[in-house]
Amino acid sequence: MATDITKKTHETKLAPRRERAGWTYAPSPEAKDHVRLKGRYDLFIDGKFVAPHSGKHFATHNPADESHIADVAEGDEHDVDTAVRAARKAFEGTWGKMRGSERGKYVYRIARRIQERARELAIVESVDGGKPIKESRDVDLPLAAAHFFHYAGWADKLDYAFAGRRARPLGVAGQIIPWNFPLLMAAWKIAPAIACGNTVVLKPAETTPLTALLLAEIIQECDLPPGVVNIVTGAGKTGGALVDHAGVDKIAFTGSTDVGKRIQRAIAGTNKRLTLELGGKAANIVFADAPIDQAVDGIVNGIYFNQGHVCCAGSRLLVEESIHDVVVRKLSRRIEQLRVGDPLDKNTDVGAINSKMQLEKIHELVAAAVSEGCAIHQSSAKIPTKGYFFAPTFFTGVSQSHRIAQEEVFGPVLSVITFRTPDEAVEKANNTMYGLSAGIWTDKAAKVFWMAKRMRAGVVWANTFNKFDPTSPFGGYKESGFGREGGRAGLAPYLEMV
Ligand code: NAI
Ligand code: MG
C-alpha cells in the first residue's frame, strides 16, 4: 500500500534533503509600524462609535502568539435594537429614497477607500485572524474591494437585472459572519445589500472583529448616511439577538451548520428572508489523465491555503486508483516545502489556526482518524511553540465512513480516497451531507462537463481550485445552505420582485 512508500520518502529522504538544499528562507516580516489600532473599540451605530449598553468589552487576540490586540464592545439586545432602529430610519429616510445612481457612488467610494487602506487592512486581518499576509494581501483585500466595485455597478441597473420585473429592496438586513474571511465576508454581505437599497446591521465573528471595525471607519470617511451600515460586535448571543429582532427583514448567515440550523428554527414562522452559507466537505477529483504536477499544486492550494479555514476547501482528495501512489508521493514532497509560521512573514504559506478551540477540534478529528486506522502523513515543519499552529497533514487508507472523510475539519488536513470509474467518483464525491464545491482535474473537457452535471455542489472548478470572482455566484446544496452570493444571482436575496 502507498502508505509505506510515502512514509519512507517522508522520513528518510525528504527532511534531510530540504535542509541540504537550504530551503529555509530568512525571515521577511511585513512592516506593521504604520498600522494604528486603538486599544478599545465601541459599537458602530447610526454613523457613530458608541459605548455598549452593558459597558462590557472583550479581548481579541493574535492567534500566532496569543498576545492581546484590542478590546471590543460586547453588544447586547439593547444595542442590537438601537442598531436595527437606526437601520430602519435610514431605510425609510435618506437611503431608501435615494436614486440607485447616487447609492452606487457611495458603494464605489467604499471600494476605493478599501484599496487605499489595503496594506493596513491586510496586516490587521493577518494579526487578528492568523492568515498569512500573502493571502490577506493578495486574496482577501483585492476581492473585498472587487465586491464593492461589482455591486456599485448594479445599484442603478436593478430594473434591468431581472427581465420584466421590478426590483425593490427588502428593508433591514441582519448579517452574521464567521472568522475565516472577516473582511471579505463583510464585503460579500454589505455590498449587495446596500447597493440594492437595503440597510444593514452586521455582526462580525468574536475572534476577528477588527477589520469590520476598520470598515466602519471607512464607512464614516465615505460619508455614508448614518444608519445605512451598523456594526455590532459580540459573540453568539449578540448574533442571536439580531436573528430574533422583529425589526429585521432578512438574515444572511455564514458559519457552522449547527448555528445555521438553529437560525432556521428561530425564524421559522416569521416573515424574515434567510440565506445560509454553511460548511463543506468538498471533493477534489483527480483523474489519471490530469496534468499531475498542476493537480498536486491545486490540491495543496485547495486544502492548505488559509490553514484549511475555508468552507469550500478541497478536504477530500478523490484520486484515480492508478495514479494514487504517484500523487501521494508528490504530495508528501510538496507539503514538506510549505512554510508554517508567522502570518506576517511574506514567505509563510500556512499561518496560525484561528483559535485554541479550532485547534482543539482539528486535534480531536486527527486523533479520531489515527485511532480509526487511517495512515497519517504530516509535514516535518517546525511549529512555533507559542500560538496555535498545525502542520499540513493528510491521511491515506481512508474509507468513506471514517469521521475524517465525513466531518468538516476546517484545518490543514486532507483525506485521500481512491476511485476507479467516473461513476464511482461522482458517487463518492456526492456522498456527504454537504454540497458547496468540488474540483475536477482531467485533460478531457467532455469529462469535466459530464462530471459537473452530476455533482451536487454549488461551485465546480475544473483544473483549478478556490478561484473567486465577484461576478460568479457562490453557494451550496444540501446542508451547505441555500441562496447565492456574488454576481447578478447575489442581488436576488436582497430584493423583492414585483
Ligand atoms: P459559528 O457558526 O459559531 O460562528 C459563526 C458566526 O455566528 C459568528 O459570528 C458567531 O458569533 C455567530 N453565532 C454563533 N452562535 C450564534 C447563534 N446562536 N445565533 C446567531 N449567531 C451566532 O462557527 P464557529 O463556532 O466559529 O466554528 C465552528 C465550526 O463551524 C468550524 O470548526 C467550522 O467547521 C465551521 N465554520 C464554517 C464556516 C463557513 O464559512 N462555512 C465559517 C466558520 C466556521
Ligand atoms: Mg483575534
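Residues numbered from 1 in each chain as written. Chains lettered and ligands numbered in written order. Predicted model: local features only at pLDDT ≥ 70, side-chain atom pairs only at ≥ 80, totals over all residues. Heavy atoms only, no water.

Novice: What should I look at first to understand the overall build of the chain in this one?
Specialist: Within the chain, the secondary structure is distributed over 17 helices and 20 strands. Taken over C-alpha atoms, the radius of gyration comes to 23 Å for the chain, in line with the 23 Å a tight globule of 498 residues would show. Within the chain, buried positions represent 59% of all 498 residues. Pairs at least 24 residues apart make up 76% of the contacts formed inside the chain by residues separated by at least 6 positions. Of the charged side chains in the chain, 64 are positive and 57 negative, and the gap between their average positions amounts to 3 Å. (Helix = DSSP H or I, 4+ residues; strand = E, 2+ residues; numbered from the N terminus. Rg over C-alpha atoms; globule rule 2.2 N^0.38 Å. Buried < 20%, exposed > 50% of the residue type's maximum accessible area, 1.4 Å probe, protein only. Contact = heavy atoms within 4.5 Å. Lys, Arg positive; Asp, Glu negative; His and termini not counted. Charge placed at Lys NZ, Arg CZ, Asp CG, Glu CD.)

Novice: What exactly am I supposed to notice about the coordination of the magnesium ion (ligand 2) here?
Specialist: Geometrically, a metal with four donors at the corners of a regular tetrahedron has ideal angles of 109.5 degrees, and one with six donors at the corners of a regular octahedron has ideal angles of 90 or 180 degrees. Protein coordination at the magnesium ion (ligand 2) comes from Thr60 (OG1), His61 (O), Asp128 (O), Asp128 (OD) and Thr207 (O), with a distance range of 2.2 to 2.6 Å. Sequence spacing of the donors to the magnesium ion (ligand 2): T-H-x66-D-x78-T. Taken as a pair, Thr60 in strand S4 (residues 57-62) and Asp128 in helix H5 (residues 118-129) lie far apart in primary sequence, 68 residues in all. Grouping residues by exposure puts Thr60 and Asp128 together as buried. (Donors = N, O, S within 2.8 Å, 3.2 Å for Na, K, Ca; no water.)

Novice: Would you explain the nonpolar core in this entry?
Specialist: Note on soluble globular proteins: their nonpolar side chains tend to be buried together. Of all hydrophobic cores here, the largest spans 108 residues; its most connected members are Ile110 and Ile194. Per element, the largest residue contribution to this core is 11 residues, and it comes from helix H8 (residues 182-195). Each of domain 1 (4-20 + 280-462) and domain 2 (40-278 + 477-497) accounts for three or more of the residues forming this core. Apart from the residues lying within four places of it in its own chain, the contact partners of Ile110 are Phe148, Ile194, Leu215, Ile218, Ile219, Cys222 and Leu224. (Core = buried A, V, L, I, M, F, W, Y, C linked by side-chain atoms within 4.5 Å. Domains from an automatic or database assignment.)

Novice: Can you help me understand the sheet that holds strand S5 (residues 67-73) in this one?
Specialist: Whether parallel or antiparallel, the strands of a sheet pair through hydrogen bonds between backbone atoms. Here 3 strands make up an open sheet; going across it, the order is S1-S5-S4 and the pairing mixed. Strand pairing shows two members of the sheet lacking a second neighbour, strand S1 (40-41) and S4, which therefore form its edges. Across 6 bridges, the pairing between S4 and S5 is antiparallel. Paired with Ala59 across the two strands is Asp71, which belongs to S5. Strand contacts of H5: S4 and S5, with the helix running at about 100° to S4, the strand carrying the most contacts. (Pairing = 2+ DSSP bridges. Axes fitted to C-alpha atoms, helices over the stretch in contact; angles between N-to-C directions.)

Novice: Got a minute to help me understand the packing of aromatic side chains in this structure?
Specialist: For any pair of aromatic rings, the description rests on two quantities: the centre-to-centre distance and the angle between the ring planes. The final tally for this structure, using the stated rule, is 10 aromatic pairs. Ring centres 5.3 Å apart and planes at 85° place the aromatic pair Trp179 and Phe410 in the edge-to-face group. You can see Trp179 sitting in the loop between strand S7 (172-176) and H8 and its partner Phe410 sitting in the loop between helix H15 (403-406) and strand S16 (413-419), a full 231 residues away along the chain. Phe410 gets classed as buried once you look at its relative accessible area, which sits at 13%. Look at Trp461 and Phe468: their rings are 5.9 Å apart centre to centre, the planes differ by 80°, and that puts the pair in the edge-to-face class. The buried category is assigned to Trp461, whose relative accessible area is 6%. Exposure remark for Phe468: the relative accessible area of 24% places this residue in the partly exposed category. Aromatic ring contacts, followed pair by pair, group Trp188, Trp461, Phe465, Phe468 and Phe474 into a single cluster. Against the face of Tyr25 rests Arg339, its NZ or CZ located 4.1 Å from the ring centre. Of note, Arg454 hangs over the ring of Trp450, and the distance from its end group to the ring centre comes to 3.8 Å. (Phe/Tyr/Trp six-rings, centres within 6.5 Å; stacked < 30°, edge-to-face > 60°. Lys NZ or Arg CZ within 6 Å of the ring centre and 35° of its normal.)

Novice: Would you take a moment to explain helix H12 (residues 292-303) for this structure?
Specialist: Along an α-helix, residues three or four positions apart point the same way, because every turn accommodates 3.6 residues. A rise of 1.5 Å per residue sets the reference length of H12, with its 12 residues, at 16 Å; its end C-alpha atoms lie 17 Å apart and thus fit the reference within 8%. Within the sequence span of H12, burial applies to Ile292, Ala295, Val296, Gly298, Ile299, Val300, Gly302 and Ile303. For H12, the secondary structure elements touched by its buried residues are strand S12 (283-286), strand S13 (316-320), helix H13 (324-337), S16 and strand S17 (437-441). (Expected span 1.5 Å × (residues − 1).)

Novice: I keep staring at the domain arrangement of the chain and nothing clicks. Help me out?
Specialist: Accessible area lost when the parts come together is the quantity often used to give the size of an interface. Here the domain parsing of the chain yields domain 1 (4-20 + 280-462) and domain 2 (40-278 + 477-497). A straight line from the C-alpha centre of domain 1 to that of domain 2 covers 31 Å. On the side of domain 2, 29 residues touch domain 1, which itself brings 36 residues to the contact. Summed over both partners, the interface of domain 1 with domain 2 buries about 2700 Å², with 56% contributed by carbon and sulfur atoms. Applying the counting rule to domain 1 against domain 2 returns 1 salt bridge. Taken together, domain 1 and domain 2 are joined by 14 residue pairs in polar contact (both at pLDDT 80 or more). (Buried area = accessible area lost by both parts, 1.4 Å probe. Salt bridge = Lys/Arg side-chain N within 4 Å of Asp/Glu carboxyl O. Polar contact = N/O pair within 3.5 Å; in protein donor to acceptor, adjacent residues only side chain to side chain.)

Novice: In this structure, what is going on with the site of ligand 1? I would like to understand it.
Specialist: Around ligand 1, a shell composed of 27 residues is seen, among which Trp179, Glu206, Ser256, Leu278 and Lys361 lie nearest. A distance of 2.9 Å is found between an oxygen atom of ligand 1 and a side-chain nitrogen or oxygen belonging to Lys203. In this structure, an oxygen atom belonging to ligand 1 sits 2.7 Å away from a side-chain N or O atom of Lys361. Here ligand 1 has 810 Å² of accessible area as a free molecule, and 87% of this is covered by the chains. Contributing elements (two or more residues each) for the shell around ligand 1: helix H10 (236-244), strand S10 (250-254), helix H11 (257-267) and helix H14 (356-371). Top element by residues in the shell around ligand 1 is H10. It accounts for 3 residues. By residue class, the composition of the shell around ligand 1 is 12 nonpolar, 9 polar and 6 charged. Two domains each donate at least three residues to the shell around ligand 1, and these are domain 1 (4-20 + 280-462) and domain 2 (40-278 + 477-497). (Near = heavy atom within 4 Å. Areas by Shrake-Rupley, 256 points an atom, 1.4 Å probe, with all protein chains shown as cover. Nonpolar A, V, L, I, M, F, W, Y, C, P; charged D, E, K, R; others polar.)

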